[in-house]
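# Coordinates in review
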Amino acid sequence: DLFKLLKDNDYIYLSNIDHIDCGICNFNMKELFIELYPDKKDIIDTLFIKSNISNNNIIFDKLKKLYYIINNKEYTKDEFELNMPIMYYNNFFITNVNFWKRDDVKNIINKIDKSGNIFYYRYGDAPLHTIIATLLEPQKITRTVFKYSKKMQRECFIDLNNNINSYMPKNYNSNTCIFENEKK
């Protein structure tokens with residue numbers, strides 16, 4: 001009984017899969033959390049994996065345009081450094097809703113909302129849930145094994161032994177938000 005497990009252990013968040021999310025969809029998320037929690041930078045660093053998109057990638061120019069729209073200035077570097085959040089993949093999760101009603105949690109959610117990044121980049125609920133819960137109640141967020149999984153496509157996840165695994169369908173054809181195709 002997963003609900004009993006959550007209640008008996010006073011957890012606030014329970015899921016079954018760790019996942020590495022898209023660095024474009026979560027652009028500047030790491031920087032935003034460091035700005036909001038500078039005293040927790042070391043913890044925040046462990047919640048992201050670095051990646052880069054160079055200027056020969058077909059997505060680079062589109063990301064530069066988005067950067068200009070949001071920041072009202074040109075992006076001048078030859079590559080984008082992306083920070084991909086490690087998150088609980090939450091197509092199925094259990095949470096204690098009282099945690100999300102706390103003033104400190106509502107305050108951080110309001111600051112994230114005011115940044116506009118959830119609208120410009122598509123910050124998702126799963127990385128936000130994971131990071132907020134980890135920063136505020138790290139001992140009360142956990143994962144466990146239960147029989148639920150959405151069919152993973154173009155996904156990367158961390159198993160219970162902390163091994164990084166990936167799944168790619170046979171018909172995969174550069175239809176992810178980050179891919180290695182060079183400009184032609």
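As a reminder, the structure under discussion sits directly above these lines.
Structural notes, computed from the coordinates. Values in this document were obtained by computation on a predicted structure and should not be read as measured data.

## Remarks on the overall build of the protein
If you tally the helices and strands in the protein, you get 8 helices and 8 strands. Of all 184 residues assigned to the protein, the portion counted as buried reaches 42%. Contacts spanning at least 24 positions in sequence make up 75% of the contacts within the protein whose residues lie at least 6 apart.

## Some words on the side chain of Asn26
Here Asn26 shows up in the loop between β2 (18-20) and α2 (29-36). For Asn26, the side chain forms a polar contact with the main-chain oxygen of Cys22, separated by 2.7 Å. Apart from the residues lying within four places of it in its own chain, the contact partners of Asn26 are Asp21, Asn83, Pro85, Tyr123, Gly124 and Pro127.

## With respect to the nonpolar core
Counting 36 residues, the largest nonpolar core has Phe33, Phe80, Phe99, Ile112 and Ile132 as its most contacted members. Of all the secondary structure elements, the ones that give two or more residues to this core are α2, β3 (48-54), α4 (60-71), β4 (79-88), α5 (97-100), α6 (103-115) and α8 (125-136). In terms of residue count, α8 provides more of this core than any other element does, 6 residues in total.

## Notes on the environment of Leu66
Among the secondary structure elements, Leu66 is positioned in helix α4. As for Leu66 and Tyr120, which are separated by 54 residues in sequence, their C-alpha atoms are 8.1 Å apart. If near-sequence neighbours (up to four positions away) are discounted, Leu66 is found in contact with Tyr120 and Tyr121.

## Side note on the pattern of salt bridges
Taken as a whole and judged by the stated rule, the model has 9 salt bridges. A salt bridge links Asp10 to Lys140, with the nearest nitrogen and oxygen atoms 2.7 Å apart. You can see Asp10 sitting in the loop between α1 (2-8) and β1 (13-15) and its partner Lys140 sitting in the loop between α8 and β6 (141-143), a full 130 residues away along the chain. The class for Asp10 is partly exposed, based on a relative accessible area of 43%.

## Brief notes about the packing of α2 against α6
At a minimum axis separation of 11 Å, α2 and α6 run at an interaxial angle of 130 degrees. Taken together, the axis directions place α2 and α6 in an arrangement best described as oblique. The hand of the α2/α6 crossing is right-handed. Contact residues: Leu32, Phe33 and Leu36 in α2; Ile108, Lys111, Ile112 and Ser115 in α6. Of the residues assigned to the contact of α2 with α6, the class counts are 5 nonpolar, 1 polar and 1 charged.

## Some details on a negative patch on the surface
On the surface, a cluster of negative charge is contributed by Glu31, Asp78, Glu79 and Glu81. For Asp78, the position within the fold is in the loop between α4 and β4.

## Looking at α2
Inspection of α2 places Met29, Lys30, Leu32 and Phe33 among the buried residues, and these make up the whole buried set. The arc that holds the buried residues of α2, viewed along the axis, is 160 degrees, so those residues lie on one side. The elements touched by buried residues of α2 are α3 (41-46), β3, β4, α6, α7 (117-120) and α8.

## Topic: the packing of aromatic side chains
This model, assessed by the stated rule, comprises 10 aromatic pairs. Ring pairs connect the aromatic residues Phe27, Phe60, Tyr67, Tyr75, Phe80, Tyr121 and Tyr123, which therefore count as one cluster.

## With respect to the environment of Asn52
Structurally, Asn52 is set in strand β3. Sequence separation of Asn52 and Gly23 is 29 residues, and the distance between their C-alpha atoms is 8.9 Å.

## Some details on unusual backbone geometry
In this structure, Asn28 is a non-glycine residue whose phi angle is positive, near 70 degrees. Relative to the helices and strands, Asn28 is located in the loop between β2 and α2. Judged by its relative accessible area of 26%, Asn28 falls in the partly exposed class. Not every positive phi belongs to a glycine, and Arg122 is a case in point at roughly 80 degrees. One can find Arg122 in the loop between α7 and α8. Among the residues examined, Arg122 registers a relative accessible area of 43% and is labelled partly exposed.

Cut-offs and rules
Residues numbered from 1 in each chain as written. Predicted model: local features only at pLDDT ≥ 70, side-chain atom pairs only at ≥ 80, totals over all residues. Heavy atoms only, no water. Helix = DSSP H or I, 4+ residues; strand = E, 2+ residues; numbered from the N terminus. Buried < 20%, exposed > 50% of the residue type's maximum accessible area, 1.4 Å probe, protein only. Contact = heavy atoms within 4.5 Å. Polar contact = N/O pair within 3.5 Å; in protein donor to acceptor, adjacent residues only side chain to side chain. Core = buried A, V, L, I, M, F, W, Y, C linked by side-chain atoms within 4.5 Å. Salt bridge = Lys/Arg side-chain N within 4 Å of Asp/Glu carboxyl O. Axes fitted to C-alpha atoms, helices over the stretch in contact; angles between N-to-C directions. Parallel < 35°, antiparallel > 145°, perpendicular 65-115°, else oblique. Left-handed = near helix turned anticlockwise from the far one by under 90°. Nonpolar A, V, L, I, M, F, W, Y, C, P; charged D, E, K, R; others polar. Patch = residues over 30% accessible without salt bridge, like charges linked within 9 Å, V, L, I, M, F, W, Y side chains within 5 Å. Areas by Shrake-Rupley, 256 points an atom, 1.4 Å probe, with all protein chains shown as cover. Lys, Arg positive; Asp, Glu negative; His and termini not counted. Charge placed at Lys NZ, Arg CZ, Asp CG, Glu CD. Arc of directions from axis to C-beta. Phe/Tyr/Trp six-rings, centres within 6.5 Å; stacked < 30°, edge-to-face > 60°.

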